[in-house]
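# Results of the structural survey
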Amino acid sequence: MESSDSTLNLSLSEAWDSATKALLSPSSLPLSDSLSVLRAHGVECYLGGFLLEALQMRLSESVVPEFWSGLKLPENDVDERGRAGVLVSAFQTLLDRLDPLLRESLFGSAQAPVSAPVSLSDRAHTVIRALLLSRPCPELEERVLEFYSRTFSVYMRQEGGEGGEGPEEGADGQEGALCAGCAVPTDQCWCREALEQLQRLSHILCKLQLLEWVSSKAVTQILHKLIEQRMERHCRGEYERSFLMDFQEVNDWLEQVLGWLRKVFSSEADRGLSMGAGSPLGASSVLKQWRCHMHQFFCRIYVNMRIEELFSIIRDFPESKPAIEDLKFCLERTNQRQQLLTSLKTAFESRLLHPGVHTSDILTVYISAIKALRELDPSMVILQVACQPIRKYLRTREDTVRQIVAGLTGDAEGCTDLASELSRGDPVTLELQESDEEGTDPEEWTPDPTDAVPDKSGPKRRSSDIISLLVSIYGSKDIFIDEYRAVLADRLLHQLNYSTAREIRNVELLKLRFGESHMHYCEVMLKDMADSRRINGNVREEESRLNKEEQPSLPLSAIILSSEFWPTLKEEKLELPPVVNRAMEEYTHRYEKLKAMRTLSWKPHLGSVTLDVELEDRTITNLTVSPIHAAIILHFQDKSEWSLEELSAQLGAPRDLVHRKLALWQQQGVLREEAGGRYSVMETGSSREKLERGVMLIDSDEERDSNTTTQSEQREEKLQLFWAYIQAMLTNLDSMTLERIHSMLRMFVATGPVVTEMDVEELEAFLQRKVREHQLIGSAGVYRLPKSK
Amino acid sequence: MKVKIRQWNGVASWLWVANDENCGICRMPFNGCCPDCKVPGDDCPLVWGQCSHCFHMHCILKWLNSQQVQQQCPMCRQEWKFKE
C-alpha cells in the first residue's frame, strides 16, 4: 500500500506539473498523457476547476474579443452575401479556438465530482455562453436575423417550387433578373452557398451548444413575421372564410416551414439522436416544440388581428361566422379575453355610441353583437361585459323603446331581425330560461370564466335571447308593453278596413314572450276592432232599411274603443261641420239602441276621411285625409274664402294647427293663400300653376301624427300627480331629503295600468325644475315649500 | 267647389250611462270590467238597482250571494231589487 503510493507519487507530481503548465500556456500542449496519470490517481477532478478557469481566461482574453472583432471586421460596404460569410467565419474561428480545449478528453470522460450536479463539459459550455453572450449585442442579433431570413427565403424558394409561398414572393417572374431567393441578379445568385453556410453555421453552433441561444430569437422573429404577413394577406378583412381551416389545410406550407426549421436545427437534432433517447432535445422533440410554437404564434397573431377587427366582424355577423368560429378556437388557446373585452368596448364606444349614429343602427349592431358573441362565448360573459356600454347608452336614447317595438312589429326599415326573432320565439325554451334553477346535473356544472361580472343572477340568468336582452335594457317589460300598446293603437286607428290579422299575430307572439296578463290590454283593443266591425255592420243594415230621405247624410263608420284599455289618446278640440255632427249623433243613437245603457263619446279629431273634391275644371278623387282636413275643406264648400281667424274659430282649433293643416290643400292646389292671411278656393287652377305649387315645398305636415300621447307627455302627467303628493308631504313634514321623498312616493303612490318606475335622478330633475320655478326651495340637500304658501 | 265624402271613419269610445265613475264594490271604473273579467262591455255588464245605484253585475251578484239574511244595496242599505 505504502510503497505503491510513493512510486506513483512521483509521477503524479510530474503529471500535475505538466498538466497545469499546459493549461496555463496559450498553446495547447498534449495533455492526455499526464491526464491519464492523474486519472489513475483519481485526482483529475481537481483539475476541473483549474481547467474551467483556464478556459475562462482564454475566452475573455483572446477568444471573445477576437470573435467580436471578427464579426465587426468588414465595414458597412460589404453586401449581404459578404456579411453572411463573415458571420459564419466568425463562428468558425470561435469554434477553432475553443475546439482543442473542449476536445480535451478531460471534458469528454471526466467524471464530475459526485456532488456537482452538472458535468464538467456542461459547465464549460455555460462559461462560454456567459462570456460570449453576457451583454446583449444588437449587431450579432441583426446579423443572425438577416442570415436566417435570407436562408429561409432561399429555402422556401427552392422547396416551394411552383412559385412559392415564401414571404418575399412576387419577385420572381417579371423581374427575372433578380433571384427570388437571394434577391440579387440571377448571375450572382448565392442561394446554394447560403444553404451550405446555413448548414455550416448550424453545425458550428451546435458543437458550441450555442444554437438555441443564438438562433432562437431570430427564428422566432422570422416565424412571427411570416405568419403575420401571411395572415395580413389572407385574412385581414376577410371574414367569410375560415382561415383556420386554410391554415391547417395548407399543410405543405407548414411542412415547408418545418423543413427549414429542420435544417436550422438539424445538427442539434443529430446530436440529440447521437446522445440517445435520454436527451431532452431529440430531433423530433425540437421540431415538435417549434411546431407548438408556431401554432401558438398563429393563434396569438390571429386573435390580435381579429380583436382589432371585431367590430366589423360583429357588424357583418351572419356572414362573418367563420371568422367568429376561428376566433373562438384561437381565443381558447391564448389568454387574451381581457384584451378582447377592452378593445371591443372601446370600439363600441368610439364607433357606435355617439350622437351621429341612429338608434336603429345601434340596435342592429347590438343584435348582431348578441348573435356573434353568443357564438364566440357560450357562457355569455363576453356578451354581458362588452355590451354593457351599449345598454347603458341605449337607456339614454329617447327613441330606443319605440325603435325596438317597431322592430318587433316589423315596421322598422333597418332591423328585420327582431320581427323574425319574435316569430321564431319558442315558448318552450323561453320557459326553460325562466324556470330551471336546479334542473341541470351538478356534474355538468362549469364555473364562470374569471372575467365574469359577479352578480347574484349567475350563469343561468345570463340570457342570450335577443328579445329578452333588448327588453331588459330598461329593466322592466312594462315600458315596452306600454309602447307597444301605443304603436298598436296608432296602427289600429289608421286602419280603414278593420283588418287586424297581422296585429293579432304579433300580439299572440308577444304573449308568448311577455305572458298573457301583460298583453291583456292589447287583446281587448283587438277585440274592440272586431266588435266595431260588427256594430258597423248592424248600423249599416239598419240604415239600409230606411227610406231614401231618411238615409244618413254621410257614410259614417266608427271604431269604438274601450277607453280604459287603450292608451291615453291625445285630446284635441275640433268642431266638426254640422253635417258630420248630425251623422255622428245618428250613429250614437243607433248604438244606444243596440247596447242598452251605453252611449258613445266621439273623438272628432281621430279617424280618417276619404273624399272627392270637385272643382270647376278638375276633380281630385279618393283622397284620404284626417278629419280636420276634411272639416276645413267642408267649410270652404259653403264659403269660398276664409281668413285663418275665422276658420280657427269655426273649427275650435288653434290657429297654428289650422295653418299647418291648410298646407295640404294648398299643396293639392285646391286652396290658395292670399294677402292678409285669407284663403280661397282655386276653382280653375291651371295645371301649370298646380305644378308650381307642387314644387313649392310647403310644410305639409304629412307625417302621420301619433294619436297617442307620447311617453314623455305621459310621464309629465304622472309627475304632476306626484307633485300633488309631494306638496302634501312637505306641508306636513316641513322639509325632506330627496331620498326620503323618493321612498315615500314609492310607498304611497298607487300605480295605475301604466306602471313606470321612476328613479331618483328623474325625481331630482323634476324637483330641481320646481325649484327653478320657485315652487320649491332646495337647500342643504333638503326640500321645503316656500314660506309664503 | 263640391266635396263628396265617400267614407268618414270616426273614432269613438263607449261608456256606460251611469251616475258614477267607479263601481262601488270593486272600485274599478265602470267602463273597465270587474276584477274577475277580462273584457269590458257586453261580457261584464252593469246592473241598476231600484235605489238607482249601479254596479258591475258580477260584483253585485257576488255581494248578494254573500249576504245571509237580507239582500241590501251595499251603498244605501235599502233592499236590493233589480231595476227592470
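Residues numbered from 1 in each chain as written. Chains lettered and ligands numbered in written order. Predicted model: local features only at pLDDT ≥ 70, side-chain atom pairs only at ≥ 80, totals over all residues. Heavy atoms only, no water.

### So, the overall build of chain B
Secondary structure summary: chain B contains one helix and three strands in total. Helices and strands in chain B line up, N terminus first, as β-β-β-α. By the burial criterion, 46% of the 84 residues in chain B qualify as buried. Taking as baseline every contact in chain B between residues at least 6 positions apart, the subset at least 24 positions apart corresponds to 43%. With an accessible surface of roughly 4600 Å², chain B has 47% of that area assigned to carbon and sulfur atoms. (Helix = DSSP H or I, 4+ residues; strand = E, 2+ residues; numbered from the N terminus. Buried < 20%, exposed > 50% of the residue type's maximum accessible area, 1.4 Å probe, protein only. Contact = heavy atoms within 4.5 Å. Areas by Shrake-Rupley, 256 points an atom, 1.4 Å probe, with all protein chains shown as cover.)

### A short note on the sheet that holds strand β1 (residues 2–16) of chain B
Taken in spatial order, the four strands line up as β1(A)-β1(B)-β2(A)-β3(A) in an open sheet, and their pairing is mixed. Edge positions in the sheet fall to β1 (556–562) and β3 (619–625) of chain A, since each of these pairs with one other strand and no more. Neighbour to neighbour, the strand axes of the sheet diverge by 25° on average, direction disregarded. The pairing of strand β2 (residues 598–614) of chain A with β1 of chain B spans 13 bridges and is antiparallel. The residue bridging E614 of chain A from the neighbouring strand is K2 of chain B, located in β1 of chain B. The strands touched by helix α26 (residues 578–594) of chain A are β1 and β2 of chain A together with β1 of chain B; relative to β2 of chain A, the strand with the most contacts, the crossing angle is about 135°. (Pairing = 2+ DSSP bridges. Axes fitted to C-alpha atoms, helices over the stretch in contact; angles between N-to-C directions.)

### Comments concerning the packing of helix α25 (residues 520–544) of chain A against α26 of chain A
All names here are of chain A. As a packed pair, α25 and α26 sit with axes 10 Å apart at the nearest point and diverge in direction by 110°. By the angle between their directions, the pair α25 and α26 is classed as roughly perpendicular. Listed contacts from α26 to I535, N536, N538, V539, E542 and E543 of α25 are Y587, R590, Y591, K593 and L594. Tallied by class, the residues present in the contact of α25 with α26 amount to five nonpolar, two polar and four charged. (Parallel < 35°, antiparallel > 145°, perpendicular 65-115°, else oblique. Nonpolar A, V, L, I, M, F, W, Y, C, P; charged D, E, K, R; others polar.)

### Quick notes on the pattern of salt bridges
Here the structure, examined in full by the defined rule, presents 24 salt bridges over all chains. In this structure, R485 of chain A engages D482 of chain A in a salt bridge whose closest nitrogen and oxygen atoms are separated by 3.7 Å. Remark: D482 of chain A and R485 of chain A occur in helix α23 (residues 478–493); sequence separation between them is three residues, near one turn of the helix. Each member of the pair, R485 of chain A as well as D482 of chain A, carries the same accessibility label: buried. Put simply, D42 of chain B and K595 of chain A hold a salt bridge, and the shortest N to O gap is 2.3 Å. Placement of the pair is D42 of chain B in the loop between β1 and β2 (46–48) and K595 of chain A in the loop between α26 and β2, with the two residues belonging to separate chains. One salt-bridge network, held together by shared partners, links R540, E542, E543, R590 and K593 of chain A. (Salt bridge = Lys/Arg side-chain N within 4 Å of Asp/Glu carboxyl O.)

### Focus: the sheet that holds strand β8 (residues 777–779) of chain A
Hydrogen bonds between backbone atoms are what pair the strands of a sheet, whose relative direction is either parallel or antiparallel. All names here are of chain A. Here we have three strands laid out as an open sheet, ordered β7-β9-β8, and antiparallel in their pairing. The open sheet is flanked by β7 (735–737) and β8, the only strands paired with a single partner. Shown here is a sheet whose adjacent strand axes are inclined to one another by a mean of 30°, direction ignored. Two strands pair when backbone bridges link them, and β8 and strand β9 (residues 782–784) are joined in this way by three bridges, in the antiparallel orientation. Looking at β9, one finds that G778 is bridged to Y783. This element, helix α33 (residues 760–772), spans β8 and β9 of the sheet and lies at about 50° to β9.

### Comments concerning unusual backbone geometry
In this structure, H774 of chain A is a non-glycine residue whose phi angle is positive, near 65°. Mapped onto the secondary structure, H774 of chain A falls in the loop between α33 and β8. Here H774 of chain A falls in the exposed class, since its relative accessible area comes to 67%. Phi at R77 of chain B takes a positive value of approximately 65°, unusual for a residue other than glycine. Considering the arrangement of structural elements, one finds R77 of chain B in the segment after α1 (57–66).

### Some words on the packing of aromatic side chains
Counted under the stated rule, the structure contains eight aromatic pairs over all chains. For the ring pair W14 of chain B and W16 of chain B, a centre distance of 6.2 Å and an interplane angle of 90° mean the geometry is edge-to-face. We note that W14 of chain B, like W16 of chain B, is buried. Here the aromatic cluster, defined as three or more aromatic residues joined through ring pairs, consists of W14, W16 and W48 of chain B. Positioned over the ring face of W16 of chain B is R598 of chain A, at 4.9 Å from the centre of the ring. For the cation-ring pair, K770 of chain A lies above W723 of chain A, with the distance from its terminal atom to the ring centre recorded as 4.7 Å. (Phe/Tyr/Trp six-rings, centres within 6.5 Å; stacked < 30°, edge-to-face > 60°. Lys NZ or Arg CZ within 6 Å of the ring centre and 35° of its normal.)

### A short note on empty space enclosed by the protein
Enumeration over the complete set of coordinates arrives at six cavities of 30 Å³ or more. As a volume, the largest cavity reaches approximately 130 Å³. Contributing to the lining of the largest cavity are 17 residues, with D528, D531, S562 and R598 of chain A together with W14 of chain B lying nearest its centre. Those elements that place two or more of their residues in the lining of the largest cavity are α25 and β1 of chain A. For the lining of the largest cavity, a count of residues per class yields seven nonpolar, three polar and seven charged. (1 Å grid on protein atoms, 1.4 Å probe; cavity = no way out; pocket = protein on both sides within 12 Å on 5 of 7 lines; lining within 4 Å. Points joined across faces, edges and corners; volume = space filled by probe spheres on them.)

### Quick word on the nonpolar core
One recurring pattern in soluble globular proteins: nonpolar side chains tend to sit buried together. Counting 141 residues, the largest nonpolar core has F91, Y148, F348 and L373 of chain A as the members making the most contacts within it. If one sorts the elements of this core by residue count, helix α12 (residues 283–315) of chain A sits on top with 16 residues. Per-domain counts for this core show at least three residues from each of domain 1 (15–159 + 182–235) and domain 2 (493–604) of chain A. With near-sequence residues (within four places) excluded, F348 of chain A lies in contact with F311, I314, L353, V365, A369, A386, C387 and I390 of chain A. Core analysis: the next-biggest nonpolar cluster, separate from the first, contains 70 residues, W602 and A630 of chain A together with C34 and C59 of chain B among them. (Core = buried A, V, L, I, M, F, W, Y, C linked by side-chain atoms within 4.5 Å. Domains from an automatic or database assignment.)

Structural measurements only, silent on function.
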